[in-house]
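Examining the three-dimensional arrangement
The primary structure of each chain is shown beneath.
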Amino acid sequence: MTALPRGETPGSPATDDEDVVADVSAPSPAEEAAAGTEEATEGAADDPADEAPGGAADDSTAATAGEPADDGTDSGPADDEGTAAGADASAGGGTAAAPVLSEAEAELAAQRELLERIERRKAEKDGPIPAGTKLSGPAADLLAAVRAVESGEKPGAAFFDAPAPAAPRKPAPAPVRERAPEPVGADREAAPEAVAAVAAVLAAGGAPGSLAAPAAGTLGAHAADTLRADPWQLLALPGVAPEQADGFARALLGAECGPDDERRTDALIGWLLERAALQGHTALDAAEVRAALTGRAVTDPDAAVQHAVAEGVVLVFQDGAEDGTEEEAREEAPEAADAPAEDREEGPREPVRVFLGLDRYALAEESLADGLARLVNAVGKDADWSEAAASAPSSSAGELIRVAAAHGLVAHTGGEAARAEPAALIAAAGGLGLRALGTAHSADGARRLAEALGDPSAAVTLAGLLSGAEGPGRDEEGALAVDLLVVLDAPQVDVETGAMLVEALADGTRLVLSGDPGVLGSAGAGRVFADVLAARACPQVVSRTPDPGPIGELVSGIGIGELNQVAAPGREVVIVPVRDAGEAVHRTVQLVADSVPRAIGVPSSDTQVITVGHGGSAGTRALNEALKQRLNPGPGRFGGFDPGDRVAHVPAPGRTVPGVVVSADAEGLHLDCAGSPVVVPQERVEASVRHAWALSAHQAAGMRWPAVVVVLPGDAAQGLSRPWVYTAFGRGERHLSVVHGVDQALPRAVAQSPAQERSTRLRTLLEASEG
């Protein structure tokens with residue numbers, strides 16, 4: 001394997017018959033957050049209306065109402081077509097997409113209700129909980145509220161009141177009928193009179209009436225009074241930008257409002273943190289928040305932040321210390337930032353960093369840290385694993401079995417071939433009479449694991465397991481009925497899903513988090529797997545099983561920052577140079593429709609196109625339009641779709657389920673998703689179904705295809721990063737074609753553009769629990 005000379009790319013140059021980023025400085029989290037709805041990144045929400053961020057500068061595109069977005073962490077060039085769902089919420093009109101709640105959020109609320117009952121029973125048996133002990137459920141809510149208003153100026157409990165959690169979902173019947181996700185904190189159905197009252201207030205402020213129902217659902221029965229008293233509460237609705245909320249406030253309040261209005265600054269801080277969550281951050285440095293407020297014409301950002309903390313709008317934390325007010329954090333070590341090093345008693349110290357976060361992510365991270373610590377300390381000896389380890393199919397599998405036998409929490413890292421090792425662990429545990437189960441991020445991943453195990457019931461999707469639609473169900477205490485749970489694709493687990501997972505595991509259950517640390521991160525906020533690895537919170541088993549073949553060799557090099565030229569005698573890797581985006585689209589269609597089926601033997605139906613963003617002249621929209629015209633032309637009589645169309649069904653943000661359109665009727669659009677029939681109601685089609693001959697890398701994460709065509713047009717250079725390239729190139733099993741139009745931006749991205757760091761607290765919490 002030799003390094004590529006300048007100007008060369010890996011693999012074999014394509015002939016005419018076989019037609020197959022940039023190093024940019026990343027903005028700060030607060031600057032990314034302030035970009036608002038026009039820069040929602042690809043990975044954050046795998047739904048048609050918004051692509052949430054994840055960690056790498058990836059296929060970021062602006063959120064577009066009615067288009068399934070990518071899933072989360074990419075932060076590449078903004079989508080040229082994407083405008084926020086509520087971008088027309090300014091005086092004068094437009095429509096806004098209803099806010100959505102992911103399945104993970106709904107299920108987390110249901111699990112908290114269950115955990116509350118369990119905690120009450122434990123409290124009755126064990127007596128009061130000692131002060132200062134780590135808590136979960138309602139007790140943790142109360143503790144967070146106290147911390148948020150430590151100054152004592154006013155109580156914070158009001159900020160943590162929440163409507164009754166949704167009931168746990170029951171297994172879905174076949175065919176599955178999609179249920180639209182609900183916004184956070186929303187009533188199931190707003191009363192007509194409440195909607196009418198909100199509509200009147202919106203009309204008075206020049207905002208579109210289409211926001212009435214979402215506002216009534218999000219803000220509650222008294223939404224009209226809330227908006228009249230505090231017009232900036234309009235920012236709580238997804239898609240509404242500060243400029244639109246300011247215009248609405250001026251129309252209602254007139255001269256009473258100004259840029260330093262405390263109602264405005266509180267809402268802006270909450271909005272900044274919500275935007276940051278779309279970029280994958282669970283907290284932001286207070287200095288960055290203050291800088292972003294200054295950019296929004298706030299003249300005293302320090303006072304604004306202190307007021308938001310005192311009012312319980314946000315929580316405040318400091319680096320590795322007890323949580324308190326920002327003022328207390330500064331008083332604790334004022335010399336750390338200002339005094340000369342020689343004047344400090346204990347030598348030079350790093351300045352104390354103060355972070356701001358929303359309660360939902362703070363509670364999730366604290367609950368997750370507590371749950372992981374509980375699993376680490378609760379494992380017991382239940383069987384003799386020595387014979388199973390000795391008879392393992394590989395030395396790495398044997399090591400994983402031995403480590404998992406002795407520990408309640410284990411981290412396992414490796415590429416695609418290394419997935420055989422968790423499979424061997426599941427088989428070994430089952431042979432010992434334990435209830436062992438494997439989960440994956442996608443249905444495709446679960447299918448591949450089940451095939452490796454030879455048992456379809458031994459592998460499910462993580463979302464299906466937590467919702468109750470798949471897996472063994474729960475025991476009488478509400479815990480998952482498993483003794484060993486292996487979570488593949490662990491980098492795709494966000495902090496809220498992680499918290500829900502550990503809360504559902506009983507003491508003594510073994511949890512193995514397995515994944516490839518080089519791939520793009522989760523669609524939701526947090527970096528669970530990376531934080532567990534960085535904190536060394538548990539034993540780590542590093543696989544020694546390399547991915548085979550030219551594609552495996554190429555991807556392995558990318559993982560360490562090297563874009564190597566690889567020998568591909570069977571045309572496993574083919575490079576197709578292009579001059580512009582138009583040629584890129586043409587060559588992509590030629591590859592999928594003609595060259596790959598003829599030269600490689602992989603049909604078009606098994607070839608997946610992956611590109612950097614949704615917008616642009618060679619984004620997913622343009623490519624899907626061109627591929628449909630070639631592969632399945634039709635009038636799109638079913639809401640833009642025809643029978644035979646390849647589609648991506650997005651049942652919840654962060655989840656992409658590939659499928660094929662079967663038919664449509666009064667019930668909705670009928671899909672075949674890997675053999676499972678799914679019915680998407682008519683009103684949800686535009687928001688949750690899109691064509692999918694071409695996907696973004698975040699949408700493709702956790703899935704594999706026999707052949708993959710990665711498209712890199714010239715305007716995609718700034719969206720490339722090492723994790724993006726690693727993820728996209730690694731999706732092909734037998735063949736990889738690269739439509740290459742970014743010149744030296746590709747090797748630069750691999751060598752110099754690691755994943756965008758996410759600002760989280762989980763690593764600090766895990767390290768504190770160990771101490």
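Anything mentioned here points back to the structure above.
Summarised in this report is the structure supplied together with it.

Here is what the cut-offs are and how they apply
Residues numbered from 1 in each chain as written. Predicted model: local features only at pLDDT ≥ 70, side-chain atom pairs only at ≥ 80, totals over all residues. Heavy atoms only, no water. Helix = DSSP H or I, 4+ residues; strand = E, 2+ residues; numbered from the N terminus. Buried < 20%, exposed > 50% of the residue type's maximum accessible area, 1.4 Å probe, protein only. Contact = heavy atoms within 4.5 Å. 1 Å grid on protein atoms, 1.4 Å probe; cavity = no way out; pocket = protein on both sides within 12 Å on 5 of 7 lines; lining within 4 Å. Points joined across faces, edges and corners; volume = space filled by probe spheres on them. Nonpolar A, V, L, I, M, F, W, Y, C, P; charged D, E, K, R; others polar. Core = buried A, V, L, I, M, F, W, Y, C linked by side-chain atoms within 4.5 Å. Axes fitted to C-alpha atoms, helices over the stretch in contact; angles between N-to-C directions. Parallel < 35°, antiparallel > 145°, perpendicular 65-115°, else oblique. Pairing = 2+ DSSP bridges.

1. Digging into unusual backbone geometry
Note on backbone geometry: most residues besides glycine have negative phi, and most peptide bonds are trans. You will see that Arg571, though not glycine, has its phi angle at about 55 degrees, which is positive. Counting through the fold element by element, Arg571 comes out in the loop between strand 13 (564–565) and strand 14 (573–577). Residue classification places Arg571 among the partly exposed positions, given a relative accessible area of 38%. Although it is not a glycine, Ala674 adopts a positive phi angle of roughly 55 degrees.

2. Digging into helix 10 (residues 301–310)
For helix 10, the buried fraction is high: 7 of the 10 residues fall into the buried class. When helix 10 is considered as a whole, its buried residues turn out to be Pro301, Ala304, Val305, His307, Ala308, Val309 and Ala310. After helix 10 finishes, the residue Gly312 shows a positive phi value of roughly 80 degrees.

3. What to know about the environment of Leu480
On the secondary structure map, Leu480 appears in the loop between helix 18 (462–467) and strand 10 (484–487). Measuring from C-alpha to C-alpha, the distance between Leu480 and Ala506 comes to 7.2 Å, with 26 residues separating the pair along the chain. Beyond its immediate sequence surroundings of up to four residues, Leu480 is in contact with Leu465, Gly473, Arg474, Ala504 and Leu505.

4. Focus on empty space enclosed by the protein
Of the voids in this model, the largest cavity is the one considered here, and its volume is about 50 Å³. In terms of residue count, the dominant contributor to the lining of the largest cavity is helix 19 (residues 495–503) (3 residues). In terms of residue class, the lining of the largest cavity is made up of 8 nonpolar, 1 polar and no charged.

5. Quick notes on the nonpolar core
Ranked by internal contacts, the top residues of the largest apolar core, which has 83 residues, are Val198, Leu202, Leu293, Leu356, Leu485 and Leu511. Sort the elements by how many residues they give to this core and helix 8 (residues 262–278) lands first, with 8 residues. Setting aside anything within four residues of it in sequence, one finds Leu356 in contact with Leu273, Ala283, Leu284, Ala286, Val289, Val305, Val309, Val314, Leu315 and Val316.

6. A short note on the packing of helix 4 (residues 192–204) against helix 7 (residues 242–253)
Helix-helix packing: each pair is described by the crossing angle between the helix axes and the interaxial distance. Where helix 4 meets helix 7, the axes come as close as 8 Å, and the angle between the chain directions of the two elements is 90 degrees. As the angle between them shows, helix 4 and helix 7 are arranged roughly perpendicular. Each of Val201, Leu202 and Ala204 in helix 4 lies in contact with helix 7, whose residues at this interface are Phe248, Ala251 and Leu252. When its residues are assigned to classes, the contact of helix 4 with helix 7 shows 6 nonpolar, no polar and no charged.

7. With respect to the pairing of strand 15 (residues 607–611)
For strand 15, the tally of buried residues reaches 5 of 5 residues, placing the bulk of the element in the interior. Neither face of strand 15 is open: one carries Thr607, Val609 and Thr611, the other Gln608 and Ile610, and all of them are buried. Pairing between strand 15 and strand 22 (residues 705–712): 5 bridges, direction parallel. Paired with Ile610 across the strands is Val710, a residue of strand 22. Pairing between strand 15 and strand 21 (residues 694–696): 3 bridges, direction parallel. Across the sheet, the residue bridging to Thr611 is Ser696, located in strand 21.

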